[in-house]
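Survey of secondary and tertiary structure
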Amino acid sequence: GLGGVAYRATRADARCPWVIRALVVVHWLRDAILHRPDLPWAPGISSMVGFGLWNSIPGTVLVESLLFALGLAVYGITTRARDRRGRWALWGLVVFLIAVYFGNLGSPPPPTPTAIAWVTLAFGAVIAPWAMWIERHRSLRSEAG
């Protein structure tokens, strides 16, 4: 998609757009498992999919935790820290994300869609620069020599 094209335009590694595409597919599969039947199969197709695992909090936590661990494992296997910042900033982000995730489990639902939007934007404003900082201190293992 457009994310892969934008990334490819700014980076030399041709594999990254494929990784981004794969992440989009995995995210859609995760949503199909968790959502109630409100997720379109594809743009322009009116039939909806969703297995409704959200109805089970333990099931949702299990699936999302496993996917998070899998993503972290793939990232850890394919990259390496160039320095201490590359190691500890990553683990700091992991701890932060886990704390926010489990903190949200016991919190009440957001009062309005506007509140969701503002929290999402604020969260992204913290996470994106943090992730970019981590990336500057990590490299692909294939580049490590």
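Residues numbered from 1 in each chain as written. Predicted model: local features only at pLDDT ≥ 70, side-chain atom pairs only at ≥ 80, totals over all residues. Heavy atoms only, no water.

**Let's talk about the packing of helix α3 (residues 57-78) against helix α4 (residues 84-105)**
- Relative to each other, α3 and α4 sit at 170°, their axes nearing to 13 Å. Classified by the angle their axes make, α3 and α4 are roughly antiparallel. Side by side, α3 and α4 meet where T60, V61, E64, S65, F68, L72 and Y75 of the first sit next to L90, W91, V94, L97, I98, Y101, F102 and L105 of the second.
- For the contact of α3 with α4, the per-class residue count stands at twelve nonpolar, two polar and one charged. (Axes fitted to C-alpha atoms, helices over the stretch in contact; angles between N-to-C directions. Helix = DSSP H or I, 4+ residues; strand = E, 2+ residues; numbered from the N terminus. Parallel < 35°, antiparallel > 145°, perpendicular 65-115°, else oblique. Contact = heavy atoms within 4.5 Å. Nonpolar A, V, L, I, M, F, W, Y, C, P; charged D, E, K, R; others polar.)

**Topic: the nonpolar core**
- With six residues, the main nonpolar core is built from A89, L90, L93, V94, I127 and I134.
- For this core, the secondary structure elements donating two or more residues are α4 and α5 (113-136).
- Ranked by residues supplied to this core, first place goes to α4 with four residues.
- Residue contacts for A89: discarding those within four places in its chain leaves R84, W130, W133 and I134. (Core = buried A, V, L, I, M, F, W, Y, C linked by side-chain atoms within 4.5 Å. Buried < 20%, exposed > 50% of the residue type's maximum accessible area, 1.4 Å probe, protein only.)

**Thoughts on a nonpolar patch on the surface**
- Together, I57, F68, I98, F102 and L105 make up an exposed nonpolar region whose accessible area comes to about 440 Å².
- At the level of secondary structure, the elements contributing two or more residues to the nonpolar patch comprise α3 and α4.
- If one sorts the elements of the nonpolar patch by residue count, α4 sits on top with three residues.
- With respect to the helices and strands, F102 occurs in helix α4. (Patch = residues over 30% accessible without salt bridge, like charges linked within 9 Å, V, L, I, M, F, W, Y side chains within 5 Å. Areas by Shrake-Rupley, 256 points an atom, 1.4 Å probe, with all protein chains shown as cover. Salt bridge = Lys/Arg side-chain N within 4 Å of Asp/Glu carboxyl O.)

**Notes on the pattern of salt bridges**
- Scanning the entire structure with this criterion turns up three salt bridges.
- For R30, the salt bridge identified is with E64, shortest N-O distance 2.4 Å. In this pair, R30 is assigned in helix α2 (residues 16-34) and E64 in helix α3, connecting sequence segments 34 residues apart. Just as R30 is buried, E64 falls in that class too.

**Let's talk about the side chain of H35**
- Structurally, H35 is set in the loop between α2 and β1 (39-40).
- For H35, a relative accessible area of 14% puts it in the buried group.
- Dropping the residues within four chain positions of it, H35 is found in contact with G50, F51, G52 and W54.

**Some details on the packing of α4 against α5**
- Two elements in contact, α4 and α5, have axes separated by 9 Å at closest approach and are oriented at 155°. Comparing the axis directions of α4 and α5 gives the class roughly antiparallel. Where α4 crosses over α5, the two elements pack in a sense that is left-handed. Residue-level contacts link R85, A89, L90, G92, L93, F96, L97 and V100 of α4 to F123, I127, W130, W133 and I134 of α5. (Left-handed = near helix turned anticlockwise from the far one by under 90°.)

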